[in-house]
Amino acid sequence: MALSCGIVGLPNVGKSTIFNALTRSAQALAANYPFATIEPNVGEVPVPDDRLRVLAEIVSARRIVNATMRFVDIAGLVRGASTGAGLGNAFLSHIRETDAVAMVVRCFVDPDVIHVEGEPDPLRDIEIINIEMALADLSTLGKKVEKLEREARVNAKLAPQVEAAKRLRAALEAGTPARSFEAGSLERAIAAESFLLTGKPMLYVANVDEAQIGANGPLAASVFALAEREGSRAIAFCGKIEAELAGLNEDEAKSFREELGIDRSGLDQLILNAYGLLGLMTFLTAGEIEARAWTIDKGTRAPQAAGKIHSDIERGFIRAEIVSYDDYARLKTMEAIKAAGLLRSEGKDYVMQEGDVVNFRFNV
């Protein structure tokens with residue numbers, strides 16, 4: 001199953017427009033009034049990877065299969081969402097089911113587009129969403145602390161978990177998200193098992209107007225500065241332009257981007273950043289049937305990577321025959337790769353690297 005990223009934000013910030021462009025669909029209602037989206041819209045999107053086209057040409061593959069990300073367009077949140085305002089309880093539960101969060105922030109002024117807070121103010125708008133997620137987390141965590149305290153009276157070994165949960169609660173009360181704790185800490189483990197909203201990786205998406213393409217204005221700049229202070233990520237693009245690009249064929253879209261001075265589409269940036277936020281990487285396989293990208297966690301060893309293709313390959317794993325993509329693209333043939341001594345045979349302890357092109361050997 002593809003990992004998922006929830007698209008969140010205040011009403012009327014461009015979430016549904018971006019989702020429609022991202023998925024090249026019109027399934028999300030984009031309208032100039034709050035709560036145009038009630039039930040979340042879901043779409044799977046291919047992760048851009050130009051390497052697949054190159055490999056497919058080299059091996060004459062009949063098809064290309066990209067890795068995918070699932071995006072969920074979640075209804076706009078407002079002040080009081082954590083206590084049910086604007087159907088907030090239901091909307092927050094939709095975020096809880098995703099793996100990462102992309103928060104769309106309106107960074108343009110348009111009197112024809114309603115803003116629920118009057119005028120766009122990115123830092124205020126971000127704070128509203130973050131506060132509502134933190135309040136929802138505090139409600140969840142309060143119950144967690146009570147449960148752990150009861151269990152710790154019987155099992156003293158749970159005392160460290162109780163203290164970690166209390167530290168996590170104190171951080172949330174001070175406005176610090178759960179994701180700020182170090183990976184591998186007890187606090188992060190409790191946040192994950194409790195599905196805390198603020199424990200999810202965060203990507204800020206500054207939705208700018210056409211005038212700011214390539215040169216973000218002060219509103220977008222404030223979002224980037226915040227992301228840097230938090231250790232989060234931020235990107236900026238014009239949702240309106242991305243929606244227009246999504247309606248064009250590949251050649252037309254490329255020409256339009258060149259005209260606007262855009263190297264990579266904002267939607268590609270969003271997909272790749274969401275992919276990176278989750279600590280994912282890609283290995284590749286290539287043959288006559290298909291050239292394919294496979295998604296694994298960074299640090300995955302060869303047998304477990306093989307299991308992504310089929311559990312039988314993991315169980316019967318013998319070795320992985322690996323060449324780096326760069327070497328494959330440069331030398332073109334397996335004969336040339338072998339002659340150059342660049343085909344490696346790796347065993348069970350090998351940690352997969354980004355761009356490995358792999359052939360797994362296994363016992364049936």
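Our structure is the block above this text.
So, a few notes on the structure that sits alongside this text. Everything numeric here is computed off the predicted structure, so don't read it as measured data. (Residues numbered from 1 in each chain as written. Predicted model: local features only at pLDDT ≥ 70, side-chain atom pairs only at ≥ 80, totals over all residues. Heavy atoms only, no water.)

Quick look at the overall build of the protein chain now. For the protein chain, the count of helices and strands is 14 helices and 12 strands. Taken over the C-alpha trace, the protein chain has a radius of gyration of 23 Å; the compact-globule value for 364 residues is 21 Å, and the two agree within 12%. For the protein chain, the spread of C-alpha atoms along the three principal axes comes to 65 × 65 × 35 Å. Out of the 364 residues belonging to the protein chain, those deemed buried represent 49%. Of the roughly 17600 Å² of accessible surface on the protein chain, a fraction of 50% belongs to carbon and sulfur atoms. Charge-centre separation for the protein chain: the mean point of 41 positive side chains lies 7 Å from the mean point of 51 negative side chains. (Helix = DSSP H or I, 4+ residues; strand = E, 2+ residues; numbered from the N terminus. Rg over C-alpha atoms; globule rule 2.2 N^0.38 Å. Buried < 20%, exposed > 50% of the residue type's maximum accessible area, 1.4 Å probe, protein only. Areas by Shrake-Rupley, 256 points an atom, 1.4 Å probe, with all protein chains shown as cover. Lys, Arg positive; Asp, Glu negative; His and termini not counted. Charge placed at Lys NZ, Arg CZ, Asp CG, Glu CD.)

Tallied over the full model, the rule gives three aromatic pairs. A centroid spacing of 5.9 Å and a plane angle of 90° characterise the contact between F283 and F360, whose relative ring orientation is edge-to-face. In this pair, F283 sits in strand β8 (residues 280–286) while F360 sits in strand β12 (residues 356–362), placing the two residues 77 residues apart along the sequence. Taking relative accessible area as the criterion, F283 reaches 0% and is therefore assigned buried. Of note, R292 hangs over the ring of W294, and the distance from its end group to the ring centre comes to 4.3 Å. (Phe/Tyr/Trp six-rings, centres within 6.5 Å; stacked < 30°, edge-to-face > 60°. Lys NZ or Arg CZ within 6 Å of the ring centre and 35° of its normal.)

Here the focus is the pairing of strand β5 (residues 100–106). Most of β5 sits inside the fold, with seven of its seven residues counted as buried. Alternating positions in β5 separate into two faces, A100, A102, V104 and R106 on one and V101, M103 and V105 on the other, with burial throughout. Note: strand β1 (residues 4–8) against β5, four bridges, orientation parallel. Among the inter-strand pairings, V8 is bridged to a residue of β5, identified as M103. For β5 and strand β6 (residues 202–207), the ladder comprises six bridges, and the chain directions are parallel. (Pairing = 2+ DSSP bridges.)

The next thing to look at is the layout of surface pockets. Its volume calculated, the largest pocket comes out at about 1100 Å³. Taken together, 34 residues form the lining of the largest pocket, with R24, P48, E250, R257 and D268 sitting closest to its centre. Sorting elements by how many residues they give to the lining of the largest pocket places helix α9 (residues 250–260) first, with six residues. Looking at the lining of the largest pocket, its residues break down into 16 nonpolar, four polar and 14 charged. (1 Å grid on protein atoms, 1.4 Å probe; cavity = no way out; pocket = protein on both sides within 12 Å on 5 of 7 lines; lining within 4 Å. Points joined across faces, edges and corners; volume = space filled by probe spheres on them. Nonpolar A, V, L, I, M, F, W, Y, C, P; charged D, E, K, R; others polar.)

Here the focus is the state of the cysteines. For the structure on display, the rule yields zero disulfides. As a non-bridged cysteine, C5 has C107 as the owner of its nearest cysteine sulfur, 17 Å distant. C107 gets classed as buried once you look at its relative accessible area, which sits at 1%. (Disulfide = S-S within 2.5 Å.)

On to a negative patch on the surface. On the surface, D50, E250, D251 and E252 cluster together to form a negatively charged patch. For the negative patch, the element with the highest residue contribution is α9, accounting for three residues. Its location among the elements puts E250 in helix α9. With relative accessibility at 70%, the residue E250 sits in the exposed group. (Patch = residues over 30% accessible without salt bridge, like charges linked within 9 Å, V, L, I, M, F, W, Y side chains within 5 Å. Salt bridge = Lys/Arg side-chain N within 4 Å of Asp/Glu carboxyl O.)

Following the criterion strictly, the structure yields one cavity of 30 Å³ or more and no others. Quantified by volume, the largest cavity comes out at close to 30 Å³. The wall of the largest cavity is formed by G9, L10, V13, M103, V104, V105, D125, I126 and I129. Those elements giving two or more residues to the lining of the largest cavity turn out to be β5 and α4 (122–154).

A few words now on the nonpolar core. Nonpolar side chains in soluble globular proteins tend to end up buried together. One finds F71, M103, Y204 and V205 to be the most contacted residues of the largest nonpolar core, which totals 74 residues. The residues touching V205, leaving out its near neighbours within four places in the chain, are I18, A102, M103, V104, V105, I235, F237 and L270. In terms of nonpolar packing, the next biggest core, distinct from the first, is built from 17 residues, A165, L168, A191 and L196 among them. (Core = buried A, V, L, I, M, F, W, Y, C linked by side-chain atoms within 4.5 Å. Contact = heavy atoms within 4.5 Å.)

If you trace the six strands from one edge of the open sheet to the other, you get β2-β4-β1-β5-β6-β7, paired in mixed fashion. Each edge of the sheet is formed by a strand with only one pairing partner; in this case those strands are β2 (41–46) and β7 (233–237). Each strand of the sheet is rotated relative to its neighbour by a mean of 25°, with strand direction disregarded. Here α4 sits on the sheet and contacts β1, β5 and β6; the angle it forms with β5, its principal contact strand, is near 145°. Along the sheet, helix α7 (residues 218–230) makes contact with β5, β6 and β7, crossing β7 at roughly 165°. (Axes fitted to C-alpha atoms, helices over the stretch in contact; angles between N-to-C directions.)

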